[in-house]
Amino acid sequence: MDFAYSSKVEELRDRVRRFMDTYIVPRQRQWQEEVHRGQFPVSFMADLKALAKSEGLWNMFLPSLHAGEPGTGLTNLEYAPLAEIMGRVSWASEVFNCNAPDTGNMELLHMFGTPEQQKVWLRPLLEGEIRSAFAMTEPDVASSDATNITTSIRREGDEYVINGRKWFITNAAHPHCRIFIVMGKTDPDAERHKQQSMILVPRDTSGLEVVRNINIVNHHSPEGHCEVIFRNVRVPASNLLGEEGSGFALAQARLGPGRIHHCMRSIGAAELALEMMIDRSLERRTFGKYLHQHGSIGEWIARSRIEIDQARLLVLKTAWMIDQFGAKHAHKEISMIKALVPAVYTAVCDRAMQVFGAMGISPDTPLADMWTWGRALRFADGPDEVHLQNIARIEIKKGQENLGATAPYLRTPEGC
């Protein structure tokens, strides 16, 4: 495994960093002010997206991008360090059309969409003209186990009828959201992992109601993490994505690369938190010393550097494995980074907030918002506990297959 960035990636890192420093970072205050006034999308987003697209910094997340489709197709390993740079500003990835959940939805449509579905929905998403939502989690069941979902997708002639309640559906409040990919059950009596299907539901379909935009730890996201009701929603049978019963498999295909993206953006945000922590410790004095001269804060800085670098290497390894062998063969590593990175992210943010004192929990730094999102990521794409159980199950199975292999290392007395 060689994780050194190629000359191609180094050149793209430099371009993305310069674009961020020139056009995105200086607009952070304006973004906050406009959103707080209720203006969303913000006034400059369309211009920034057009500029990024013209500079070839567009759709960099999709390895299978076809000739003639807009963007620069990169492997997961090549894209990961670019996602890290974007993660320094929460809304930056949208500028490059590399934002969740659109990235995962574009991947699904790219892999499994029919030519007509790709024409109507994928192409506008690739062009950055519309936004999308992915409706899977539900309030009434433990959605960390996708087989629990209860939303019904029932075939009636040439239509499917959808009934159910979803929540924490990202992008559902975005004014440009035009399409939902909905996961539900088409056959409750089928094999456990073949009961679910995915279907395309246009935002303006009768019976689809966005009930509320749910705050996360009292933080409001303008694009929304919404509760959505589907009441006798009817769509053509041709809106089915993939085949009936393939929903669980499609969800797994979608989540692998998406977790790489989430994790690398989180590492980028953690890097920013560490930089802010160091800056603060170099300029503030207490009890006759600069903050970094106090042993506890020096240790926080050191631990943060170790943890971030460890997390980055594991994510890069996982990206390499997906590129080489596919997400299925990297499922343990995907679970490992998903359990590790949000914990590192929140820990570094928490230390930085403590170093900033009261300012660290105020709106005067991005740290409180960053910590909030890091905490939310411990649920997004599956809670920590599910991933830890998966890792343990894999390790235990391996141990059972090699039971007794450690016996030669034991030092019991002879004759016992």
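See the structure above.
About the criteria used
- Residues numbered from 1 in each chain as written.
- Predicted model: local features only at pLDDT ≥ 70, side-chain atom pairs only at ≥ 80, totals over all residues.
- Heavy atoms only, no water.
- Salt bridge = Lys/Arg side-chain N within 4 Å of Asp/Glu carboxyl O.
- Helix = DSSP H or I, 4+ residues; strand = E, 2+ residues; numbered from the N terminus.
- Buried < 20%, exposed > 50% of the residue type's maximum accessible area, 1.4 Å probe, protein only.
- Arc of directions from axis to C-beta.
- Contact = heavy atoms within 4.5 Å.
- Core = buried A, V, L, I, M, F, W, Y, C linked by side-chain atoms within 4.5 Å.

A.B. asks: Describe in detail the pattern of salt bridges, supporting the description with residues and values.
C.D. replies: Inspection of every chain in the model, using the stated rule, returns 28 salt bridges. Note that glutamate 10 is salt-bridged to arginine 13, the shortest N-O span being 2.9 Å. Of the two residues, glutamate 10 and arginine 13 both sit in helix 1 (residues 7–24), three residues apart, roughly one turn of that helix. In this structure glutamate 10 comes out as partly exposed when scored by relative accessible area, which is 36%. For glutamate 395, the salt bridge identified is with lysine 398, shortest N-O distance 3.5 Å. Taken as a pair, glutamate 395 and lysine 398 lie in helix 12 (residues 384–401) at a separation of three residues, close to a single helical turn. Accessibility expressed as a relative area gives 42% for lysine 398, which makes it partly exposed. Taken together, the shared-partner salt bridges in this structure form one network comprising Glu84, Glu271, Arg305, Asp309 and Arg312.

A.B. asks: Give a description of helix 3 (residues 45–54) that names residues and reports values.
C.D. replies: Inspection of helix 3 places Met45, Leu48, Lys49 and Ala52 among the buried residues, and these make up the whole buried set. Viewed end-on, helix 3 has its buried residues packed into an arc of 100°, placing them on one side of the element. When the buried face of helix 3 is taken as reference, the exposed residues oriented beyond 90 degrees from it are Ala46, Asp47 and Ser54. Looking at the buried residues of helix 3, the elements they touch are helix 1 and helix 5 (92–95). Downstream of helix 3 by one or two residues, glycine 56 has phi in the positive range, about 75°.

A.B. asks: Now, about the nonpolar core: what can you tell me, with residues and values included?
C.D. replies: Counting 90 residues, the largest nonpolar core has Ile24, Met60 and Phe96 as its most contacted members. Sequence-distant contacts of phenylalanine 96, that is, excluding residues within four places in its chain, are made with Val16, Phe19, Met20, Ile24, Ala52, Leu57, Trp58, Asn59, Met60 and Met86. The next biggest cluster of nonpolar side chains, apart from the first, holds 20 residues, and it includes Ile169, Val233, Val235 and Ala237.

Such coordinate-based values are descriptive only and should not be taken to indicate function.
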